[in-house]
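Here's the letter readout for the chains.
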Amino acid sequence: SINGSHVVAGEKFVFAMPEVGIGFFPDVGGTYFLPRIPGEIGAYFALTGERMKQGDALSTGLATHAMASDRFGEVLDALCGRETVDLVLEGFADVATQPASVTARRAAIDACFRHDTVEAVMEALAAAEAAGDEWCGQTLRTMMTKSPTSMKIALAQVRAGRAMEFEAAMTTEFRIVSRICHGHDFYEGVRAVIIDKDNTPRWSPATLKEVTPAMVEAHFAPLGTGELVPPVPIRS
């Protein structure tokens, strides 16, 4: 629904793009909408997989309206009437929203996530922690658990997506998924988080240094003739 014209957030709203934690990448239009979040908040979500709630959704523009979730049934009924969508949603709007916890960190996020390499982002977070910002230190440690390959792809997505229209962004994501399914980390991430639930993925490559620019760029290249990905069985 994030790609819709009207996004309604109740008080239970939670948003995250956690794909780097399972060796995947921010899909479903992330290439398009993440770079359009103010500042570097999109890069922050892409690289950390952290969550935002209702207040942050409104302050970043990811949600257009807020209302009490126990009124959703009334809203659906009203949308079947003669009033426009905008008038209906404005009539149910609730100004009592959850606080904006992520956007309260906007200055630190913009300072640390403005860089064009994951290594530089992590160095900036480490420097901020050394200067006394514990939140940046926790963010750094969160990133250290993610797939190095996925993080580099995700940051490249966010940077490239700034200049893309929606259709081009979706074409790019199809190219990426057509390559990532041939790799190692997606299957290992699913194993560690969903199947075995040991939460100790063994990423390959295991370090950022081993993930070269050429390896990242290969995920974005146009598909060759007949390069559609065949089904890959996942071991039980």
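Structure: see above.
To keep things clear, this report deals only with the structure shown in the data block. Remember, predicted model here, so these are calculated numbers, not experimental data.

So, how was this worked out
Residues numbered from 1 in each chain as written. Predicted model: local features only at pLDDT ≥ 70, side-chain atom pairs only at ≥ 80, totals over all residues. Heavy atoms only, no water. Helix = DSSP H or I, 4+ residues; strand = E, 2+ residues; numbered from the N terminus. Buried < 20%, exposed > 50% of the residue type's maximum accessible area, 1.4 Å probe, protein only. Contact = heavy atoms within 4.5 Å. Areas by Shrake-Rupley, 256 points an atom, 1.4 Å probe, with all protein chains shown as cover. Axes fitted to C-alpha atoms, helices over the stretch in contact; angles between N-to-C directions. Parallel < 35°, antiparallel > 145°, perpendicular 65-115°, else oblique. Left-handed = near helix turned anticlockwise from the far one by under 90°. 1 Å grid on protein atoms, 1.4 Å probe; cavity = no way out; pocket = protein on both sides within 12 Å on 5 of 7 lines; lining within 4 Å. Points joined across faces, edges and corners; volume = space filled by probe spheres on them. Nonpolar A, V, L, I, M, F, W, Y, C, P; charged D, E, K, R; others polar. Core = buried A, V, L, I, M, F, W, Y, C linked by side-chain atoms within 4.5 Å. Phe/Tyr/Trp six-rings, centres within 6.5 Å; stacked < 30°, edge-to-face > 60°. Lys NZ or Arg CZ within 6 Å of the ring centre and 35° of its normal. Salt bridge = Lys/Arg side-chain N within 4 Å of Asp/Glu carboxyl O. Patch = residues over 30% accessible without salt bridge, like charges linked within 9 Å, V, L, I, M, F, W, Y side chains within 5 Å.

Observations concerning the overall build of the protein chain
Scanning the protein chain from terminus to terminus reveals 12 helices and four strands. Expressed as lengths along the three principal axes of its C-alpha atoms, the size of the protein chain is roughly 55 × 50 × 40 Å. Counting all 236 residues of the protein chain, 45% fall into the buried class. Considering only contacts within the protein chain whose residues lie at least 6 apart along the sequence, 74% involve residues at least 24 apart. When the accessible surface of the protein chain is totalled, it reaches about 12,300 Å², and 57% of it is carbon and sulfur.

Describing the packing of helix 6 (residues 106-113) against helix 8 (residues 134-143)
Here helix 6 crosses helix 8 at 50 degrees, and the two axes come no closer than 11 Å. Taken together, the axis directions place helix 6 and helix 8 in an arrangement best described as oblique. Seen from above, helix 6 lies across helix 8 with right-handed handedness. Residues A108, I109, C112 and F113 of helix 6 pack against W135, C136, T139 and M143 of helix 8.

Digging into empty space enclosed by the protein
Taken as a whole, this structure holds one cavity of 30 Å³ or more when the rule is applied. The volume enclosed by the largest cavity comes to roughly 30 Å³. For the largest cavity, the full set of lining residues is L34, P35, I37, G39, E40, G42, A43, V158, R159 and R162. Mapped onto the lining of the largest cavity, the elements with two or more residues apiece are helix 2 (41-48) and helix 9 (148-161). Considering only residue class, the lining of the largest cavity consists of five nonpolar, two polar and three charged.

Observations regarding helix 8
Across the 10 residues of helix 8, seven count as buried, placing the element largely inside the fold. Within helix 8, burial applies to W135, C136, G137, T139, L140, T142 and M143. Summarising the contacts, the buried residues of helix 8 are in contact with helix 2, helix 6, helix 7 (118-130) and helix 9.

Description of the nonpolar core
Ranked by internal contacts, the top residues of the largest apolar core, which has 40 residues, are F15, L47, F113 and M143. The set of elements that each furnish at least two residues to this core consists of helix 2, helix 6, helix 7, helix 8 and helix 9. Setting aside residues no more than four positions away along its own chain, L47 makes contact with V20, F113, V118, V121, M143, K146, M151, A154 and L155. By size, the runner-up hydrophobic cluster in this structure holds 12 residues, among which are C181, Y187, V190 and F220.

Observations regarding the packing of aromatic side chains
All chains considered together, the criterion is met by nine aromatic pairs. For the ring pair F24 and F25, a centre distance of 4.7 Å and an interplane angle of 45 degrees mean the geometry is tilted. Taken individually, F24 and F25 each receive the classification buried, so the pair is uniform in this respect. Through a chain of ring-to-ring contacts, three or more aromatic side chains come together here, namely F15, F33, Y44, F45, F113 and W135. The ring of Y32 carries the charged tip of R36 above its face, separated from the ring centre by 3.8 Å.

A short note on the pattern of salt bridges
Following the criterion strictly, the structure yields 10 salt bridges and no others. Here R141 makes a salt bridge to E129, at a shortest N to O gap of 2.9 Å. Residue R141 is located in helix 8, and its partner E129 is located in helix 7; the two are separated by 12 residues in the primary sequence. Assessed through its relative accessible area of 38%, R141 is described here as partly exposed. Judged by relative accessible area, which is 29%, E129 ranks as partly exposed. Several salt bridges share partner residues, and in doing so they unite E40, D116, R159 and R162 into one network.

Quick notes on a nonpolar patch on the surface
A cluster of nonpolar residues, L76, L79 and V85, forms a patch on the protein surface that exposes about 250 Å² of accessible area. Residue position: V85 is located in helix 5 (residues 85-92).

Some details on the packing of helix 2 against helix 9
Orientation of helix 2 relative to helix 9, taken along the N-to-C sense of each, is 160 degrees, at an axis distance of 9 Å. With respect to their mutual orientation, helix 2 and helix 9 come out roughly antiparallel. The chirality of how helix 2 crosses helix 9 is right-handed. Counted together, G42, A43, A46 and L47 of helix 2 and M151, A154, L155, V158 and R159 of helix 9 form the full contact between these two elements. Among the residues forming the contact of helix 2 with helix 9, the class breakdown is seven nonpolar, one polar and one charged.

Without other data, these values stay purely geometric and don't point to any function.
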